[in-house]
Every structure is written in C-alpha cells, then in structure tokens.
Amino acid sequence: MIKKWKTLEEKDVSLNEYLKIYKHRVQLPNGKVIDDYGVVDLGAGAVVVPITDEGKIILVRQYRHGSGEVITGFPAGRYDEGELPETTAVRELKEETGYETKNIKYLGRLISNPGKNKGWVKVYLAKDCIKKGEPKGDVTEEMEVLAVDWDKMEKLILEGEIVEAQTIAAWMLARKFV
C-alpha cells in the first residue's frame with residue numbers, strides 16, 4: 001500500500017505573494033529524510049469551458065510570460081479571498097471574454113505537476129453564454145476572444161495550437177455534457 005510522506009518542517013521561501021514556494025523537510029515511508037523538497041502553490045482556481053447559445057466554444061488567446069508564448073485556452077483564474085469556486089468561474093468568464101451565463105455546472109478538479117504543485121483547479125461548464133461586454137482583464141492581460149465550432153476545438157488541440165494542459169483536460173471533462 002502506498003503511504004504518504006510526513007512533512008517534518010515547512011519554510012516559506014516565496015519571492016512574492018504571486019508565487020508561493022515552500023521548502024519542505026520530509027520523511028519518506030522508508031524512513032529516509034529529504035531536507036530540501038521544493039513545493040509550489042500556484043493557488044486554487046477555476047477554469048471554465050464556455051459554450052454560447054449557438055454552440056460555439058469561447059477561447060482566450062493571450063501572452064503568458066512563463067512560457068514566453070501566446071497561448072490559447074479557456075478563461076481561468078485564482079479565487080479571490082473568500083470567493084466560492086463557481087463565483088470565480090463566472091467572474092473569470094466575464095472579465096476575460098465579456099460573456100455571461102446563468103447555466104453553470106461543476107465538472108471536477110485538476111492538478112498540474114502534483115509532485116511539486118499543491119494548487120487544485122476546479123472545472124466548470126458554462127452553457128448558453130451570451131456576449132454582454134468587452135474583456136476587462138488586469139494590467140498583465142491583453143486578450144483576444146475566439147469563438148470556435150466544437151469540431152474545430154479538437155483540431156486545434158491535435159495541431160498543437162492549444163497546448164495548455166488545463167484547457168485540454170477541461171475540454172475532455174466537458175465533452176460528455178455537450
């Protein structure tokens with residue numbers, strides 16, 4: 001039976017509030033102690049798979065500095081303090097695309113690189129999305145909003161236009177509901 005590691009000590013070695021980094025001293029089930037195991041907390045957040053009332057999938061293209069690339073993906077973001085995950089999904093949809101919905105469904109949760117990251121993302125499907133305004137991202141976000149057909153989504157993934165893991169995984173979860 002696989003056993004969890006025991007955290008003996010956790011030290012915050014973060015550079016700033018946006019990227020939380022911790023140095024863990026851990027004991028493995030076999031008794032071995034590792035003094036400097038790094039853990040990143042990318043923050044809990046939500047990703048939303050938006051579908052318009054005409055059946056189009058809404059995507060956002062934006063520059064992502066970590067990769068140094070313009071990336072196409074679903075609207076997503078961290079929870080604001082005290083905010084419910086569903087509220088985050090609806091807020092991010094509106095901020096990043098200008099679309100709104102009252103038809104939202106929780107699909108599941110994802111984690112990227114669980115060996116080093118402890119930030120979970122909850123996935124939502126938003127149906128019957130209607131354009132109500134323009135995107136209003138923060139100072140680091142310059143976005144282009146795309147509306148694509150369902151069949152084109154798979155083509156964009158297979159051709160490497162969509163490479164973001166959370167977008168691909170969220171799409172896989174959403175496929176059975178559309």
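Preceding block: the structure.
Because the structure is a prediction, the values reported are computed rather than measured. (Residues numbered from 1 in each chain as written. Predicted model: local features only at pLDDT ≥ 70, side-chain atom pairs only at ≥ 80, totals over all residues. Heavy atoms only, no water.)

1. Digging into the pattern of salt bridges
Charged atoms that come close allow side chains of opposite charge to pair.
Moving on, step 1. Considering all chains together, one arrives at 12 salt bridges under this definition.
Moving on, step 2. The shortest N-O distance in the salt bridge between Glu144 and Arg61 comes to 3.5 Å. Taken as a pair, Glu144 in strand S11 (residues 143-148) and Arg61 in strand S5 (residues 57-64) lie far apart in primary sequence, 83 residues in all.
Moving on, step 3. Of the residues examined, Glu144 reaches a relative accessible area of 42% and is grouped as partly exposed.
Moving on, step 4. In this structure Arg61 comes out as partly exposed when scored by relative accessible area, which is 23%. (Salt bridge = Lys/Arg side-chain N within 4 Å of Asp/Glu carboxyl O. Helix = DSSP H or I, 4+ residues; strand = E, 2+ residues; numbered from the N terminus. Buried < 20%, exposed > 50% of the residue type's maximum accessible area, 1.4 Å probe, protein only.)

2. Quick word on the packing of aromatic side chains
Moving on, step 1. Scanning the entire structure with this criterion turns up three aromatic pairs.
Moving on, step 2. Geometrically, the ring pair formed by Trp5 and Tyr37 is edge-to-face, given 5.1 Å between the ring centres and 85 degrees between the ring planes. In this pair, Trp5 sits in the segment before strand S1 (6-12) while Tyr37 sits in strand S3 (residues 33-41), placing the two residues 32 residues apart along the sequence.
Moving on, step 3. Looking at Arg109, its charged tip hangs above the ring of Trp120, at a distance of 3.6 Å from the centre.
Moving on, step 4. Against the face of Tyr37 rests Lys116, its NZ or CZ located 3.9 Å from the ring centre. (Phe/Tyr/Trp six-rings, centres within 6.5 Å; stacked < 30°, edge-to-face > 60°. Lys NZ or Arg CZ within 6 Å of the ring centre and 35° of its normal.)

3. Looking at the nonpolar core
Moving on, step 1. The biggest cluster of nonpolar side chains holds 20 residues, and the ones touching the most others in it are Val47, Val49, Ile57, Leu59, Phe74, Val123 and Met153.
Moving on, step 2. Aside from chain neighbours lying at most four places away, what touches Val47 is Phe74, Pro75, Ala76, Val121, Lys122, Val123, Tyr124, Gln166 and Ala170.
Moving on, step 3. Listed in part, the 10 residues of the second largest apolar core include Ala46, Tyr124, Ala126 and Cys129. (Core = buried A, V, L, I, M, F, W, Y, C linked by side-chain atoms within 4.5 Å. Contact = heavy atoms within 4.5 Å.)

4. A short note on the packing of helix H2 (residues 150-158) against helix H3 (residues 165-174)
Moving on, step 1. In the contact formed by H2 and H3, the axes pass within 12 Å of each other and the chain directions differ by 140 degrees. What the angle tells us is that H2 and H3 run oblique. Seen from above, H2 lies across H3 with left-handed handedness. Contact residues: Trp150, Met153, Glu154 and Ile157 in H2; Thr167, Ile168 and Trp171 in H3.
Moving on, step 2. The residue inventory of the contact of H2 with H3, partitioned by class, reads five nonpolar, one polar and one charged. (Axes fitted to C-alpha atoms, helices over the stretch in contact; angles between N-to-C directions. Parallel < 35°, antiparallel > 145°, perpendicular 65-115°, else oblique. Left-handed = near helix turned anticlockwise from the far one by under 90°. Nonpolar A, V, L, I, M, F, W, Y, C, P; charged D, E, K, R; others polar.)

5. Considerations on the side chain of Thr52
Moving on, step 1. Inspection of the secondary structure assignment puts Thr52 in strand S4 (residues 45-52).
Moving on, step 2. Not counting chain neighbours up to four residues away, the residues in contact with Thr52 comprise Ile58, Tyr99, Asp128 and Cys129.

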